[in-house]
Amino acid sequence: MHGISCQRVSRIRPQHNASTVGHQVPRRLETMHSTPSQPLLKAVLWDMDGTLVDTEPYWIAAERALVEAHGGTWTHEQAMQLVGQALLHGAAVLQDAGVRLEAREIVNTLSAQVMEQVRNEVPWRPGARELLDDLHQAGIRCALVTMSEHPLASVVVESLPKPYFEFMVTGDTVSNGKPHPEAYLTAVERLRLDDPALTIHHCVALEDSVPGATAAIASGVVTVGIPHQVPLPEDPRMTTWDTLVGRTAADVGRLVDARFTAANLLEGAN
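Residues numbered from 1 in each chain as written. Predicted model: local features only at pLDDT ≥ 70, side-chain atom pairs only at ≥ 80, totals over all residues. Heavy atoms only, no water.

## Observations concerning the overall build of the protein chain
No. 1: Scanning the protein chain for helices and strands turns up ten helices and six strands.
No. 2: Per-residue burial over the protein chain gives 54% buried out of 270 residues.
No. 3: Total accessible area computed for the protein chain in this model is approximately 12,100 Å², and 49% of it derives from carbon and sulfur atoms. (Helix = DSSP H or I, 4+ residues; strand = E, 2+ residues; numbered from the N terminus. Buried < 20%, exposed > 50% of the residue type's maximum accessible area, 1.4 Å probe, protein only. Areas by Shrake-Rupley, 256 points an atom, 1.4 Å probe, with all protein chains shown as cover.)

Okay, here's the thing in structure tokens:
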């Protein structure tokens, strides 16, 4: 669902490694954190809502309609607190706002309304499709990592003119939603099935929200923040771009080069 209010966060907080919070993570996590043998961009992991498509207004309208149908009120500030969060987390917040439905029913109701809107018009974020196509032409693998569930993500992906995304990791396929790193760790592990030499250092995540950026940073992948509905606090572990307009595969690749260079400098200093 569409983080945390920017007023509540001064810096993206690091998450505990997934292995310390009672959830099993990919067995090759230690290998994935080793220094890469070469600075090469191999994969880009895309958030969906707010990064690839501007569906946040659809979610907000659906939330407001549902809360008001149950006699409550839904403010812009409340809606902003759900940007980037897992859907079941959002359902609990809506229950607190007076929605007298089970969490699963809330998720299904909201998702159905958003899917109907997306089928009428897919609100692509500026520059997103152009960057996707450039990555595709360059042979860079792409995966979708979203807290939206599979049916909605499929509607968005199927509207693209080419099979840009190799696979999707959706909110209904993970045990822990963003800001937990599970979704990104899962995506990297799946990429490694076809390329065991791939590590987190070869991957870049594109995110627009605090929970999403927190999850990406915690997983160890190179992280780019493209703020949209809510500002992203400055963080030395994240590169911030104002927009994807004009961005190319070469721009993304330079971020991987920069990490490799920094890792070598650090190793040399030690």
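## Things to note about the environment of Ile106
No. 1: Looking at where Ile106 falls in the secondary structure, it is placed in helix H5 (residues 103–120).
No. 2: Take Ile106: its relative accessible area is 0%, and that puts it in the buried class.
No. 3: Note: C-alpha distance between Ile106 and Leu87 (19 residues apart in sequence) is 9.0 Å.
No. 4: The residues touching Ile106, leaving out its near neighbours within four places in the chain, are Leu66, Ala91, Leu94, Gln95, Val99 and Leu101. (Contact = heavy atoms within 4.5 Å.)

## Observations regarding the pattern of salt bridges
Once the charged atoms of two side chains with opposite charge are near each other, the side chains can pair.
No. 1: The full count for this structure, using the stated rule, is nine salt bridges.
No. 2: The closest approach of N and O atoms between Asp133 and Lys162, which form a salt bridge, is 3.0 Å. Taken as a pair, Asp133 in helix H6 (residues 128–137) and Lys162 in the loop between helix H7 (150–158) and strand S3 (168–169) lie far apart in primary sequence, 29 residues in all.
No. 3: Of the residues examined, Asp133 reaches a relative accessible area of 24% and is grouped as partly exposed.
No. 4: Across the salt bridge formed by Asp251 and Arg254, the nearest N and O atoms sit 2.4 Å from each other. Of this pair, Asp251 and Arg254 are both found in helix H10 (residues 249–269), three residues apart, which corresponds to roughly one turn of the helix.
No. 5: With a relative accessible area of 49%, Arg254 lands in the partly exposed category.
No. 6: Linked through salt bridges whose partners overlap, the residues forming this network are Asp47, Lys178 and Glu207. (Salt bridge = Lys/Arg side-chain N within 4 Å of Asp/Glu carboxyl O.)

## Quick notes on H5
Each full turn of the α-helix corresponds to 3.6 residues, which orients residues three or four apart in the same direction.
No. 1: With 18 residues, H5 ought to run about 26 Å at 1.5 Å a step, and its terminal C-alpha atoms sit 26 Å apart, in line with that.
No. 2: When H5 is considered as a whole, its buried residues turn out to be Ile106, Val107, Leu110, Ser111, Val114, Met115 and Val118. Looking down the long axis of H5, one finds its buried residues gathered within 155° of arc, a one-sided arrangement. Residues of H5 that are exposed and point over 90 degrees away from its buried face: Arg119 and Asn120.
No. 3: Turning to H5, the residues buried within the fold contact helix H2 (56–69), helix H4 (87–96) and H7. (Expected span 1.5 Å × (residues − 1). Arc of directions from axis to C-beta.)

## Focus on the pairing of strand S1 (residues 43–46)
No. 1: Neither face of S1 is exposed, since Ala43 and Leu45 on one face and Val44 and Trp46 on the opposite face are all buried.
No. 2: For S1 and strand S2 (residues 141–145), the ladder comprises four bridges, and the chain directions are parallel. Bridging across to S2, Ala43 finds its partner in Arg141. (Pairing = 2+ DSSP bridges.)

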